[in-house]
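What the coordinates show
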There are 4 protein chains.
Amino acid sequence: MQMQEQQLALRHGEELARLGRIAGQVAGIRKMIEEERYCMDILVQLKAVRAALKKVEGNILRRHMNHCVVQALGGGQQEAEQKVAELQKYFQIDS
Amino acid sequence: MQMQEQQLALRHGEELARLGRIAGQVAGIRKMIEEERYCMDILVQLKAVRAALKKVEGNILRRHMNHCVVQALGGGQQEAEQKVAELQKYFQIDS
Amino acid sequence: MQMQEQQLALRHGEELARLGRIAGQVAGIRKMIEEERYCMDILVQLKAVRAALKKVEGNILRRHMNHCVVQALGGGQQEAEQKVAELQKYFQIDS
Amino acid sequence: MQMQEQQLALRHGEELARLGRIAGQVAGIRKMIEEERYCMDILVQLKAVRAALKKVEGNILRRHMNHCVVQALGGGQQEAEQKVAELQKYFQIDS
């Protein structure tokens, strides 16, 4: 559907914008280190960047899993098992 | 298959045995608190119990996901979408 | 101070009560596995127990760190360094 | 000591180099999204960046805590309590 494609492109742009902000935050932290700013202030910023990355990760993961369902129904068991194996590896529950 | 059922029962027993050990660890920690043992020793034990629970969780989750694929393929899109929604809620990536 | 001792005993009892509830939850999960209940319901319970343990851990850790300050001031640098080394090991940031 | 200052500057440069690599990884992920690369490949890269950030965080935190001890002993109880409060906030164990 065209509408779905537009929505996907929109979210696409959202993730790029988020990563743009994250790149800016990383540059800011480098500057903080160069300026020998207080350690705890740097740590709080590093943690914020990790949280921002996790947010992007969650968004992409959610859409990936939603998309998986359609693929699993159309692509047969082998493809579905591969998708599940990828997710298990990602969540470190393979072994 | 009968063999698969035996294997499932085996792993079933494995998880029960692990949870039995975890129950023992929790009882041990309660005793440590009653005896006013050193905080850091208690903390290390609490962390160990969480790691043991996470191990059980990983095992059950891995089997659930393996099983999900088969169900998702056989049960139609609505059932598959529900399984995915459950996983997303579990991983806190819903919404 | 006597009041502080009473408060400590109170929180002491709080942690024991929490661990009592956690022990009950673990017993409940074992029963769920024996009754072959739905995997995702078991996983949600396991995750809840981990969160409850983390809460107890956070409470004990907070009090331990508060106590550390007093010890660090009275006990000299060697004792203080040992406390910090223990915390670093606990947070897995040693080396 | 001069030697200690040199060592600090060395580790300083280490963290800057690491953050430089992280900035490069973030730029790479943005390109992957623009090129509409496979979601799971993007997720694996995002997770790797988070792990790299956590490594930098761990290094800075370890040195901060080592440094804290000396300050806490020299600076009096109020300063020590503030350092501990900062750490508790960072670890999200402040009540």
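Here is a short report on the structure shown in this document. All figures in this text were calculated on a predicted structure; none of them were measured in a lab.

Quick notes on the rules
- Here, residues in each chain are numbered from 1, in the same order as that chain's written sequence.
- Think of it this way: whatever chain is written first is A, whatever ligand is written first is 1, and the rest follow in order.
- Side-chain atom pairs in this predicted model are given and counted only at pLDDT of 80 or more, local residue features only at pLDDT of at least 70, and totals for whole chains, interfaces and linings cover all residues.
- As a convention, hydrogens and water are excluded, and side-chain values are obtained from all of the structure's heavy atoms.
- Helix and strand labels come from DSSP, where a helix needs a run of H or I of at least four residues and a strand needs a run of E of at least two; each type is numbered from the N terminus.
- To sort residues, take the accessible area from a 1.4 Å probe on protein chains only and compare it with the maximum for the residue type: under 20% means buried, over 50% means exposed, and anything in between is partly exposed.
- Whether two residues touch is decided by their heavy atoms; if any such pair falls within 4.5 Å, the residues are in contact.
- Every accessible area reported is derived by Shrake-Rupley at a probe size of 1.4 Å, with residue values counting cover from the shown protein chains alone.
- Put simply, buried area is how much 1.4 Å-probe accessible surface two parts lose in total, over both of them, once they are put together.
- We define a salt bridge as a side-chain nitrogen of Lys or Arg found within 4 Å of a carboxyl oxygen belonging to Asp or Glu.
- Whenever a nitrogen or oxygen atom comes within 3.5 Å of another N or O atom, the pair is scored as a polar contact, on the condition that within protein one atom can donate a hydrogen and the other can accept it, and that pairs from neighbouring residues in sequence are kept only if both atoms are in side chains.
- Three classes are used: nonpolar for Ala, Val, Leu, Ile, Met, Phe, Trp, Tyr, Cys and Pro, charged for Asp, Glu, Lys and Arg, and polar for all others, with Gly counted as polar.
- Here the copies are superposed with least squares, the fitted atoms being C-alpha atoms of residues at a pLDDT of at least 70 in both.
- Whenever a helix is involved, its axis is fitted only over the stretch in contact; in every case the axis is a line through C-alpha atoms, and angles between N-to-C directions fall within 0 to 180 degrees.
- Any angle that is under 35 degrees is reported as roughly parallel, and any over 145 degrees as roughly antiparallel; angles of 65 to 115 degrees are reported as roughly perpendicular and all others as oblique.

**Overview of the overall build of chain A**
Secondary structure summary: chain A contains two helices and zero strands in total. Across the 95 residues in chain A, those meeting the buried criterion constitute 39%. When contacts within chain A are restricted to residue pairs at least 6 apart in sequence, long-range pairs at least 24 apart make up 53% of them. For chain A, the computed accessible surface area is about 5400 Å², with 51% contributed by carbon and sulfur atoms.

**Comments concerning the interface of chain D and chain A**
Each side of the interface is counted separately: chain D has 35 residues, and chain A has 35 residues. For the pair chain D and chain A, the two sides together bury roughly 3400 Å², of which 74% comes from carbon and sulfur. Linking chain D with chain A are two salt bridges, by the criterion used here. Its salt-bridge partner being Glu57(D), residue Arg50(A) comes within 2.7 Å of it at the nearest N-O pair. Taken together, the links from chain D to chain A amount to eight residue pairs in polar contact (both at pLDDT 80 or more). If you list the elements that add at least two residues to the side of chain D that touches chain A, you get helix H1 (2-34), helix H2 (39-75) and helix H3 (77-90) of chain D. Residue contributions to the side of chain D that touches chain A peak at 15 residues, all from H2(D). Among the residues making up the side of chain D that touches chain A, the classes are represented as 21 nonpolar, four polar and 10 charged.

**Brief notes about the pattern of salt bridges**
Two side chains carrying opposite charge are able to pair once their charged atoms lie near each other. A complete count under the given rule lists 20 salt bridges over all chains for this structure. A salt bridge links Glu15(B) to Arg63(B); its shortest N-O distance comes to 3.1 Å. Residue Glu15(B) is located in helix H1 (residues 2-34), and its partner Arg63(B) is located in helix H2 (residues 39-75); the two are separated by 48 residues in the primary sequence. Taking relative accessible area as the criterion, Glu15(B) reaches 1% and is therefore assigned buried. The partner of Lys31(C) in a salt bridge is Glu35(C), with the nearest N and O atoms 3.7 Å apart. Exposure remark for Glu35(C): the relative accessible area of 44% places this residue in the partly exposed category. Here the residues in one salt-bridge network are Glu15(A), Arg18(A) and Arg63(A), joined through shared partners.

**What about the relation of the copies chain B and chain A?**
Rotating chain B by 180° and moving it 0.0 Å along the rotation axis overlays it on chain A with an RMSD of 0.2 Å. Both copies of the chain, as the preceding transformation shows, are related through a two-fold rotation axis. Among all C-alpha atoms of chain B, that of Leu73(B) lies closest to the rotation axis, at 2.6 Å. Interface overlap between copies is the fraction of interface residues in one copy that are interface residues in the other; for chain B against chain A it reaches 100%, indicating a shared surface.

**Observations regarding the packing of helix H2 (residues 39-90) of chain C against H2(D)**
Packing of H2(C) against H2(D) leaves a shortest axis separation of 9 Å and a crossing angle of 170°. As far as their axial angle goes, H2(D) and H2(C) are roughly antiparallel. Contacts between H2(C) and H2(D) pair Ala72(C), Leu73(C), Gly76(C), Gln77(C), Ala80(C), Glu81(C), Val84(C), Leu87(C) and Gln88(C) from the former with Arg62(D), Met65(D), Asn66(D), Val69(D), Val70(D), Ala72(D) and Leu73(D) from the latter. Class assignment of the residues belonging to the contact of H2(C) with H2(D) gives a composition of 10 nonpolar, four polar and two charged.

**As for the environment of Ala23(A)**
All names here are of chain A. As for its placement among the helices and strands, Ala23 is situated in helix H1 (residues 2-34). A relative accessible area of 27% means that Ala23 is categorised as partly exposed. Taking the C-alpha atoms as reference, Ala23 lies 12 Å from Ala48; in sequence the two are 25 residues apart.

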